[in-house]
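Examination of the molecular architecture
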Amino acid sequence: MAQMNFGGVIENVMTREEFPLEKAREILKDEVIAVLGYGVQGPGQACNLRDNGFNVIVGQRQGKTYEKAVADGWKPGETLFSLEEAAQKGTIVCMLLSDAAQISVWPKIKQYLTPGKALYFSHGFAITYKERTNIIPPADIDVIMVAPKGSGTSLRTMFLEGRGLNSSYAVYQDATGRAKDRTLAIGIGIGSGYLFETTFKREVYSDLTGERGSLMGAIQGLLLAQYEVLRENGHTPSEAFNETVEELTQSLMPLFAKNGMDWMYANCSTTAQRGALDWMGPFHDAIKPVMQKLYESVKSGNEAQISIDSNSQPDYREKLNAELRALRDSEMWQTAVTVRKLRPENN
Ligand SMILES: NC(=O)C1=CN([C@@H]2O[C@H](COP(=O)(O)OP(=O)(O)OC[C@H]3O[C@@H](n4cnc5c(N)ncnc54)[C@H](O)[C@@H]3O)[C@@H](O)[C@H]2O)C=CC1
Ligand SMILES: CC(=O)[C@](C)(O)C(=O)O
Ligand SMILES: [Mg+2]
Ligand SMILES: [Mg+2]
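Residues numbered from 1 in each chain as written. Chains lettered and ligands numbered in written order. Predicted model: local features only at pLDDT ≥ 70, side-chain atom pairs only at ≥ 80, totals over all residues. Heavy atoms only, no water.

So, on to the pattern of salt bridges. Using the criterion set out here, one finds 15 salt bridges in the structure. A salt bridge links Asp-207 to Lys-149, with the nearest nitrogen and oxygen atoms 3.4 Å apart. One end of the pair, Asp-207, is in helix α10 (residues 200-212); the other, Lys-149, is in the loop between β8 (142-148) and α8 (152-160), with 58 residues separating them in the sequence. Here Glu-161 ties to Arg-163 by a salt bridge, and the two come within 2.9 Å at their closest N and O atoms. Of the residues examined, Arg-163 reaches a relative accessible area of 47% and is grouped as partly exposed. Connected through shared salt-bridge partners, Glu-31, Asp-142, Arg-178 and Arg-182 make up one network. (Salt bridge = Lys/Arg side-chain N within 4 Å of Asp/Glu carboxyl O. Helix = DSSP H or I, 4+ residues; strand = E, 2+ residues; numbered from the N terminus. Buried < 20%, exposed > 50% of the residue type's maximum accessible area, 1.4 Å probe, protein only.)

Turning our attention to the coordination of the magnesium ion (ligand 4). Listed as protein donors to the magnesium ion (ligand 4) are Asp-207 (OD) and Glu-211 (OE); their distances from the metal cover 2.0 Å. A gap of 3.6 Å separates the magnesium ion (ligand 4) and the magnesium ion (ligand 3), which Asp-207 links by coordinating each metal. With Asp-207 and Glu-211 both in helix α10 and four residues apart, the pair spans about one turn of that helix. (Donors = N, O, S within 2.8 Å, 3.2 Å for Na, K, Ca; no water.)

As a further point, take the environment of Ser-192. Following the sequence through the fold, Ser-192 ends up in strand β10 (residues 192-197). When the C-alpha positions of Ser-192 and Pro-148 are compared, they lie 7.1 Å apart, and in sequence the two are 44 residues distant. Sequence-distant contacts of Ser-192, defined by excluding residues within four places in its chain, comprise Arg-16, Val-146, Gly-164, Leu-165, Ser-167 and Gly-187. Within the local environment of Ser-192, its side chain forms a polar contact with the side chain of Ser-167, the two groups lying 2.8 Å apart. (Contact = heavy atoms within 4.5 Å. Polar contact = N/O pair within 3.5 Å; in protein donor to acceptor, adjacent residues only side chain to side chain.)

Every residue close to ligand 2 is listed here: Gly-150, Ser-151, Asp-207, Glu-211 and Met-216. Between ligand 2 and the protein, one listed contact pairs an oxygen atom with a side-chain N or O atom of Asp-207 at 3.0 Å. Between ligand 2 and the protein, one listed contact pairs an oxygen atom with a side-chain N or O atom of Glu-211 at 2.6 Å. Burial of ligand 2 by the protein chains amounts to 61% of its free accessible area of 260 Å². By residue class, the composition of the shell around ligand 2 is one nonpolar, two polar and two charged. (Near = heavy atom within 4 Å. Areas by Shrake-Rupley, 256 points an atom, 1.4 Å probe, with all protein chains shown as cover. Nonpolar A, V, L, I, M, F, W, Y, C, P; charged D, E, K, R; others polar.)

Here we take up the site of ligand 1. With respect to spatial proximity, 25 residues lie near ligand 1, and among them Gln-41, Gln-60, Asp-99, His-123 and Gly-152 are the closest. Take Gln-60: an N or O atom from its side chain is 2.7 Å from an oxygen atom of ligand 1. Note that an oxygen atom of ligand 1 is positioned 3.3 Å from one of the side-chain N or O atoms of Gln-102. When isolated, ligand 1 has an accessible area of 830 Å², and the protein chains bury 82% of it. Those elements that place two or more of their residues in the shell around ligand 1 are α5 (99-109) and α16 (316-329). Among the elements that make up the shell around ligand 1, the one with the highest residue count is α5 (five residues). The residue inventory of the shell around ligand 1, partitioned by class, reads nine nonpolar, 13 polar and three charged.

This part is about the sheet that holds β8. Judged by pairing direction, the sheet is mixed, and its ten strands sit side by side in the order β1-β2-β10-β9-β8-β7-β6-β3-β4-β5 without closing on themselves. Only two strands of the sheet have a single partner each, and these edge strands are β1 (2-6) and β5 (80-81). Across four bridges, strand β3 (residues 33-36) lies against strand β6 (residues 92-95) in parallel orientation. Within β6, the position partnered with Ile-33 by the bridge is Ile-92. On top of the sheet, helix α9 (residues 179-189) reaches β2 (9-15), β3, β6, β7 (118-121), β8, β9 (165-173) and β10; it is set at about 30° to β8, its chief contact. Strands in contact with α10 are β7, β8, β9 and β10; relative to β8, the strand with the most contacts, it is inclined by about 30°. (Pairing = 2+ DSSP bridges. Axes fitted to C-alpha atoms, helices over the stretch in contact; angles between N-to-C directions.)

If you want it as structure tokens, here you go:
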């Protein structure tokens, strides 16, 4: 385990150099990894594991995603089964169903979690909020987690590009004495670039905060607020969009992804630097109370309960899709369609 200095704080990190794929294969050579669910994380993790030479099977209910699994080369009766059959065959059972679906299938799945098996999650949700999910694993199995820090879609595309998305990992219950080895081996197997240590609770608190905050919720709120102010002051959609979103994603975000915020600033005009350094404080101060409120809502279990209640409805997918459609149909994101067409690389 490498000790790495993150801005002055020392943390444990497992890298591919320290934990090569061959070691992961050796540790899991007698295991059958059963990936339950073939939504977003399911395909990414299952296909990466298969390409990396592990014994993987998929469990998926009938329907559109089952057909997707078939199209990806999973063979019914050989490597593709019902959820129950896969849970029975697997020695490492991966809960890659939506967090709400995990609750509904748990009563059918838990009987297959016989002594010595491992129950694997990619989110701390089910265990941390166990009073709400009723997912209480038996004491004689390992309960482990590897949580890729990004979409399952990126996990797969970055793997195919020879890169690796980073993941966090945790052991909640070690019944076999092998839990940590199993965790790290599967973490390397799914194509993690490196693995950093966490707990189930810290993972879910940070994950729910991140996706509601800067990664997804706050970013749309921030961008829309600026777009609206520009539009209300007579700027055209193309100008408002370019100055709010396009320049950010195409020019400036890659710069601070590569070398940090100061380097992005340093590559902008001194006029921009002066203004950004003056305005970052007021934005921070305006947003911080909202972030604090969000974290409290995560910590209290309120965010988990909202997600459980809404995503357990039979028509949850249609309802989510309707809200996504409204976002897509908004002026800002319709402007984006035209702007994307105009990118020379798209012509
Ligand atoms: N989407 C992502 O990229 C990420 C997801 N995660 C975590 O990974 C896990 C899986 O998430 P996603 O891939 O987003 O899940 P998802 O929402 O794409 O659903 C996965 C599968 O659940 C099945 N499913 C839904 N309701 C069901 C039901 N009632 N009975 C049986 N099957 C049902 C669907 O057929 C689908 O194949 C979750 O714990 C999530 O928090 C972690 C990191 C990123
Ligand atoms: C992609 C990811 O890690 C998220 C945003 O937390 C999620 O999809 O739940
Ligand atoms: Mg996440
Ligand atoms: Mg998440």
